[in-house]
Amino acid sequence: MDVKMNLLLLLFVVGPMTSLPPPLQFSIPGLKENDIKEEEPEGVFSKILKANKDKALPVQDGDILEKTGRNAMTCTQCLWPKSADGTVIVPYTLSSVYKNWHLTMFKTAMEEYESLTCVRFTPRAAESSYLKITSGNGCAANLGRVGGGQTVAVDVAGCMYKGIIQHELNHALGFYHEHMRSDRDSYVTIMYQYISPGDTPNFKKANTNNLGVEYDYASVMHYERDAFSNTSGQATIVPKPDPNVPIGQRDGVSILDISKINQLYQCNVCGNLLNQGSGNLTSANYPSAYPTNANCVFLIRTPSNQVKLNFVAFDIQSSPDCSSDYIKIYDGPTKNYPILIDRTCGSGLVPPVIASTNQLLVEFSSDSSITGTGFKALYSTVQCGGIYYASQGNITSPNYPNNYRSNLQCTFTITAPVGRRIVLTISDFNMEYAPYCMYDNILVQDESTDYGPFCGQRNIPVITSNTNSLVIIFHSDSRDEFKGYQGSYTFSEYYSLIFIFLFESTP
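A quick note: this is a predicted structure, and the numbers were derived from the prediction, not measured.

Rules used throughout
Each residue is numbered by its place in its chain's sequence as written, counting from 1. Per-residue local features of the predicted model are confined to residues with pLDDT of at least 70, and side-chain atom pairs are confined, for both listing and counting, to 80 or more; whole-chain, interface and lining totals are unaffected and use all residues. Derived side-chain values reflect all non-hydrogen atoms in the structure, with water molecules and hydrogen atoms excluded from consideration. Grouping buried Ala, Val, Leu, Ile, Met, Phe, Trp, Tyr and Cys residues that are joined through side-chain atoms within 4.5 Å yields what is termed a nonpolar core. Each residue gets one of three labels from its accessible area relative to the maximum for its type: buried under 20%, exposed over 50%, partly exposed in between, using a 1.4 Å probe on protein chains only. Secondary structure elements follow DSSP: runs of H or I of four or more residues count as helices, runs of E of two or more count as strands, with numbering from the N terminus. Contacts: residue pairs with any heavy atoms within 4.5 Å of one another. Criterion for a disulfide: a pair of cysteine sulfur atoms within 2.5 Å. Each aromatic pair joins two rings of Phe, Tyr and Trp (for Trp, the six-membered one) with centres within 6.5 Å, and gets the label stacked for planes under 30 degrees apart, edge-to-face for over 60, and tilted for any other angle.

So, the nonpolar core
No. 1: Core analysis: the largest hydrophobic core is formed by 46 residues, its most contacted members being Phe-121, Leu-131, Ile-133, Val-154, Leu-173 and Tyr-265.
No. 2: Here this core gets six residues from one element, more than from any other, and that element is helix α3 (residues 100–116).
No. 3: The residues touching Val-154, leaving out its near neighbours within four places in the chain, are Tyr-98, Phe-106, Ile-133, Thr-134, Ser-135, Gly-138, Cys-159, Met-160 and Ile-165.
No. 4: Leu-281, Ala-294, Tyr-326 and Ala-355 belong to the second-largest nonpolar core, a separate cluster that totals 28 residues.

Here it is, written out as structure tokens:
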């Protein structure tokens, strides 16, 4: 796409930017979003306004940094450029004030773009244009690419939520707030009687072409219904025709947010976001034959708890080592995360899967040869637990290394191929102590033996199963929460264990 088309498309999406003053200066698998921070039941923009209160920020519309002298008609590089491989590289730096859990939060927020769009947020090498992500100035960002080190303000004091980070990153990609679309009056009513005169510019419309994407009440870019209200309990934005439609969600980019990014940057990707508490996913054309030369991902992101996935139909062309067509399942939002189920094909049902967090990625690939009818799977959530089939992996108590919650009963099942055994090593253990471990504990079971229950702060010996299955049962009562445990497992050959036993037992 040439420069003129870039300019035209950005102008349509973000609207006029004639009043923008100077910007302020300014793959690790296995990380868990639940280990970071619980989000409050409050919308993204309410949090942004709280964080920006009393900050001397040169912003318009609540959190868009202004730039003096920038006229939309002379903007020639408002989009981040595309690389030869079709990806859009957005370099960034992070302030040194951010701690490890902040960095994990940024990583979690950025990774969804990688799976679902052609945008790649990449640590800056020597690029002249980049996002300078910093703390201390509330929550704010420039609109689109402005050149140089442009600020994305994400204050540690009030902005460290995935939804806020993605909201500001979407501004930097070139998107205005959803309620400012040119067609918004068909979808919402602005209640100016509850908006102070000085705040009314935050509700102006922009002259946008909306890329053929419908109005999105669920957008992470949408104001809450009471944004800038000067009267307690009175809404400033009322959806229509149904005034009870939720707006201002806090979980992250929506399905249509992703669609707009892919339209704006002409991303040639097959990425599907499923963001409800339960639902289903199918291969294209199911139950008819799926297309050849497909490469699609399905990112399941539930509002809370852990994703559980069950396949109810499965017919994918069989080949040696599933080298032709296959599905692959990852324990997180990108392919950089641990594999829960490796390449699988054929016509047998795939075993159920439980992710360690509220995100799980399903990859589906087909080649140019004959196909099958594909697959259908149902997803839902469980409070805790897991099912493991990979040859090695990590297992932790819920919310580890933070304290586990009360009143949990979780089952973790590890299954190895027939003829193999499971070696479980628990490297860190700290649970409430009580006689007979009657309150909080874990119990490890295989077909013929119980190990435990274990509690307190202690070392747990390495456990080797007698069969190809091992179950860990985690229990917490109604009080006194502790860090829990961290463990890992591997599969071992049965004959090797016998040999070692005989060798070490020889006088």
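Re the state of the cysteines
No. 1: Here the structure, examined in full by the defined rule, presents six disulfides.
No. 2: A sulfur-sulfur distance of 1.9 Å marks the disulfide that ties Cys-139 to Cys-159. Across the S-S bond of Cys-139 and Cys-159 the torsion is about -95 degrees, and the bridge reads as left-handed. Of this pair, Cys-139 sits in strand β6 (residues 139–141) while Cys-159 is found in the loop between β7 (149–154) and α4 (162–173), placing the two residues 20 residues apart along the sequence.
No. 3: Relative accessible area serves as the criterion here: at 0%, Cys-139 is assigned to the buried category.
No. 4: Judged by its relative accessible area of 0%, Cys-159 is buried.
No. 5: With its sulfur 2.0 Å from that of its partner, Cys-270 forms a disulfide with Cys-296. Between Cys-270 and Cys-296 the sulfur-sulfur dihedral comes to about 95 degrees; the bridge is accordingly right-handed. Of this pair, Cys-270 sits in the loop between α5 (255–264) and β10 (271–274) while Cys-296 sits in strand β12 (residues 295–301), placing them 26 residues apart in sequence.
No. 6: In this structure Cys-296 comes out as buried when scored by relative accessible area, which is 14%.

Looking at the packing of aromatic side chains
No. 1: All chains considered together, the criterion is met by 16 aromatic pairs.
No. 2: Judged by centre distance (5.0 Å) and plane angle (75 degrees), the rings of Tyr-113 and Phe-121 are edge-to-face.
No. 3: When the centroid spacing of 5.7 Å and the interplanar angle of 90 degrees are considered together, the rings of Phe-203 and Tyr-223 count as edge-to-face. Of this pair, Phe-203 sits in the loop between β8 (188–190) and β9 (237–239) while Tyr-223 sits in the loop between β8 and β9; the two residues are 20 residues apart in sequence, bridging distant segments of the chain. Each of the two residues, Phe-203 as well as Tyr-223, counts as buried.
No. 4: Grouping aromatic residues by their ring pairs yields a cluster made of Tyr-290, Phe-298, Phe-311, Phe-314, Phe-364 and Phe-375.

Keep in mind that these numbers describe shape and distance, not what the molecule does.
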